[in-house]
Amino acid sequence: MKRGSFNSKLGFILAASGSAVGLGNIWKFPFEVSNGGGAAFLIMYLFFCFILCFPVIVSEIAIGRKTKKNAIGAFNSLGHRNWNFIGKMGVLCGVLILSFYTVVAGWVLGYVVEMVNGNFDISNNFGSYVNNIQNVFLYSILFMFFTALIVSRGVEKGIERAAKILMPSLIIIILMLIIYALTLPNSIDGIIFYLVPDFSQINLTVAGNALGQAFFSLSLGMGMLITYGSYVDSKNNIINSAALITLTDVGIAFLSGLIIFPFIFSSGIETEGGPGLIFQVFPKIFENLGDTTGVLVGSTFFILLSFAAITSTVSLLEVPVSYLVDEYKINRKYSVWIVAFIILLIGIPSALSQGKYEFFSQFITYFGSEKPIDFMTFIIDVSNDTLLPFGGFMITMYVTYIWRKKNLSEEISRGNPDYKGSAVEKYINFSISYVCPLILGSIFLITFLNKFFGI
Ligand code: PHE
């Protein structure tokens, strides 16, 4: 069976940045920023992306390209079967992320329709909206259907082609919305909150969140880049690609802040942030723009979010699919629809956890905490804030002690002849064996103990 591959360098970069840019950048990033002291969070996030995550990105792509295998098979193919648990954890994590991501993406898709209909009142009814289960299921299933359709067409005709259309459109929409946001009254207050740091807000929880956010946003630590890297040919310059992917992701998260905060501050609406931020506050803002403008800006905004989300769900689905296709030789189309169906089932408790059923809405109380959290938040804690950074940490261990940095350099220099002996090589090697394990390992450990055990 022929394995897929990306047709062009640009195709790979767009697909991988498409995976990175998602709800994480536009839905999650702003409320993490507002909970984490505005610019103080931003600075930490940037540091994590460029210093800690960059070497992990490069390693994942190199492992994928070297082996031309899925996230689990890659470790087997390098002869380290014992280490394929990193890939197994990654596949599991991808399935968990996709299960709740589809629910949120379903809300987003539903909101497009609400905005087109000028139903701004929805902001006051978000609680009942997410518990209108039939509706939520309908849109989540629809979203998963589009995702599966793209993935079933394969790497070049599906994933790459979708990214080539959706990513440029997304960037155009973002730029239009920024220009518009900056013309609103008091938008400057939003910019000040966003860009002037309040360092007193920084503590370990915030650092842990920034780390989780960096991994989540870059789609890192779960083998997505191993999988996409396996579709890339050896002429590709991994360092340049990794830099472009990081810049696009960070750039779009940053730019979306330039839309969100001016909007919020100019509307004068008090908000406590949180996952409802976009859903509860934004329709009100659009309403204040007047009927026609409101409908136009509102639906454009949620279309933007849907575009961002679908290039991410595509990559999340591709990870388990590629595993089934490679290792069990199951036909791509079958794998896609089976996995999509199973993930929809796994997502049901998340959809029911927003107040519909008490069992899922107050699912678990961590040690040292009094407040029970809902099932969706629990899955987010386990996948984003735990499995991803841990996966990233294990990759750095694997490269340093098992695969060896010399092989990493060898693979990178295949598309980049000047790499060996360069400053970039020294930096990556140093970072991957000292900086990453130390900082990543300790922040991960501390926040893990703190979050789940209250230590
Ligand atoms: N990076 C995506 C986002 O920011 C989420 C994602 C995580 C996608 C992991 C793929 C893998 O929304």
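Quantities reported herein were computed from a predicted structural model and do not represent experimental measurements.

K.L.:
I would appreciate a short explanation of the pattern of salt bridges in the present structure.
P.N.:
Should the charged atoms of two oppositely charged side chains come close, the side chains can pair. Counted by the stated rule, this structure contains 9 salt bridges. Close ionic contact of Arg 65 with Glu 411 constitutes a salt bridge, the shortest N to O distance being 2.8 Å. Note that Arg 65 is positioned in helix α3 (residues 39-67) and Glu 411 in helix α18 (residues 405-413), a separation of 346 residues in sequence. For Arg 65, a relative accessible area of 0% gives the class buried.

K.L.:
Is there a simple way to think about the layout of surface pockets in this case?
P.N.:
Taken as a whole, the largest pocket spans an internal volume of roughly 1300 Å³. Taken together, 42 residues line the largest pocket, and the ones lying closest to its centre are Pro 275, Ile 373, Asp 374, Thr 377 and Asp 381. Of all the secondary structure elements, the ones that give two or more residues to the lining of the largest pocket are α2 (23-35), α6 (126-130), α10 (204-217), α17 (375-403) and α19 (423-453). With 7 residues, the single largest contributor to the lining of the largest pocket is α17. When the residues that make up the lining of the largest pocket are grouped by side-chain class, the tally is 17 nonpolar, 18 polar and 7 charged.

K.L.:
Would you take a moment to explain the nonpolar core for this structure?
P.N.:
Most often, soluble globular proteins have nonpolar side chains that are buried together. Formed by 163 residues in total, the largest nonpolar core has its most connected members in Trp 107, Tyr 228, Phe 286, Phe 301 and Phe 302. Excluding its chain neighbours within four sequence positions, the residues that come into contact with Trp 107 are Phe 126, Tyr 129, Val 130, Val 136, Phe 279, Gln 354 and Met 376.

K.L.:
So what exactly am I meant to see when it comes to helix α1 (residues 9-20) here?
P.N.:
An α-helical segment advances 3.6 residues per turn. Residues three or four places apart therefore align on the same side. For α1, which comprises 12 residues, the first-to-last C-alpha distance of 17 Å matches the rise-based estimate of 16 Å (1.5 Å per residue) to within 8%. Counting buried residues along α1, 10 of its 12 residues qualify, which places the element largely inside the surrounding structure.

K.L.:
Is there a simple way to think about the site of the ligand in this case?
P.N.:
Near the ligand you find 14 residues, and of these Ala 20, Gly 24, Tyr 101, Phe 216 and Ser 219 are the closest. In the model, a nitrogen atom of the ligand is placed 3.1 Å from a nitrogen or oxygen of the Ser 19 main chain. One of the backbone nitrogen or oxygen atoms of Gly 24 is found 2.8 Å away from an oxygen atom of the ligand. When isolated, the ligand has an accessible area of 320 Å², and the protein chains bury 100% of it. With respect to the pocket detection grid, the ligand is positioned in the largest cavity. Counting only elements with at least two residues in the shell around the ligand, the list comes to α1, α2, α10 and α14 (291-328). Of the residues assigned to the shell around the ligand, the class counts are 6 nonpolar, 8 polar and no charged.

K.L.:
What is the right way to read the side chain of Asp 381 from this model?
P.N.:
Structurally, Asp 381 is set in helix α17. Setting aside its immediate chain neighbours within four residues, Asp 381 contacts Tyr 366, Ile 373, Thr 386, Lys 451 and Phe 452.

K.L.:
Is there a simple way to think about the environment of Val 151 in this case?
P.N.:
The residue Val 151 is located in helix α7 (residues 133-152) in this model. Owing to a relative accessible area of 0%, Val 151 belongs among the buried residues under this scheme. For the pair Val 151 and Val 321, spaced 170 residues apart in the sequence, the C-alpha separation amounts to 8.7 Å. The residues touching Val 151, leaving out its near neighbours within four places in the chain, are Val 314, Leu 317, Glu 318, Arg 332 and Val 336.

K.L.:
Please explain a nonpolar patch on the surface as it appears in this structure.
P.N.:
Together, Leu 204, Phe 367, Leu 445, Ile 446, Leu 449, Phe 453 and Ile 455 make up an exposed nonpolar region whose accessible area comes to about 670 Å². A total of 4 residues in the nonpolar patch trace back to one element, the largest contributor, which is α19. Mapped onto the elements of the fold, Ile 446 is located in helix α19. By relative accessible area, Ile 446 is classed as partly exposed at 37%.

K.L.:
Please clarify how α17 should be interpreted in this entry.
P.N.:
Of all the bends in α17, the greatest reaches close to 35° and is centred on Leu 387; the proline Pro 389 follows between one and four positions later. With 24 of 29 residues buried, α17 lies mostly within the body of the structure. Where α17 starts, the residue carrying a side-chain oxygen 3.1 Å from the main-chain nitrogen of Met 376 turns out to be Asp 374. At the C-terminal side of α17, Arg 404 shows a positive phi close to 85°.

K.L.:
How do you make sense of the environment of Gly 441 when you look at a structure like this?
P.N.:
By secondary structure assignment, the location of Gly 441 is in helix α19. Placed 311 residues apart in sequence, Gly 441 and Val 130 show a C-alpha to C-alpha distance of 37 Å. Those residues within four positions of Gly 441 in sequence are excluded, and the remaining contacts are Phe 393 and Cys 436.

Conventions used here
- Residues numbered from 1 in each chain as written.
- Predicted model: local features only at pLDDT ≥ 70, side-chain atom pairs only at ≥ 80, totals over all residues.
- Heavy atoms only, no water.
- Salt bridge = Lys/Arg side-chain N within 4 Å of Asp/Glu carboxyl O.
- Helix = DSSP H or I, 4+ residues; strand = E, 2+ residues; numbered from the N terminus.
- Buried < 20%, exposed > 50% of the residue type's maximum accessible area, 1.4 Å probe, protein only.
- 1 Å grid on protein atoms, 1.4 Å probe; cavity = no way out; pocket = protein on both sides within 12 Å on 5 of 7 lines; lining within 4 Å.
- Points joined across faces, edges and corners; volume = space filled by probe spheres on them.
- Nonpolar A, V, L, I, M, F, W, Y, C, P; charged D, E, K, R; others polar.
- Core = buried A, V, L, I, M, F, W, Y, C linked by side-chain atoms within 4.5 Å.
- Contact = heavy atoms within 4.5 Å.
- Expected span 1.5 Å × (residues − 1).
- Near = heavy atom within 4 Å.
- Polar contact = N/O pair within 3.5 Å; in protein donor to acceptor, adjacent residues only side chain to side chain.
- Areas by Shrake-Rupley, 256 points an atom, 1.4 Å probe, with all protein chains shown as cover.
- Sits in = over half its atoms within 2 Å of the grid points.
- Patch = residues over 30% accessible without salt bridge, like charges linked within 9 Å, V, L, I, M, F, W, Y side chains within 5 Å.
- Bend = angle between axes of the 7 residues up to and from the residue.

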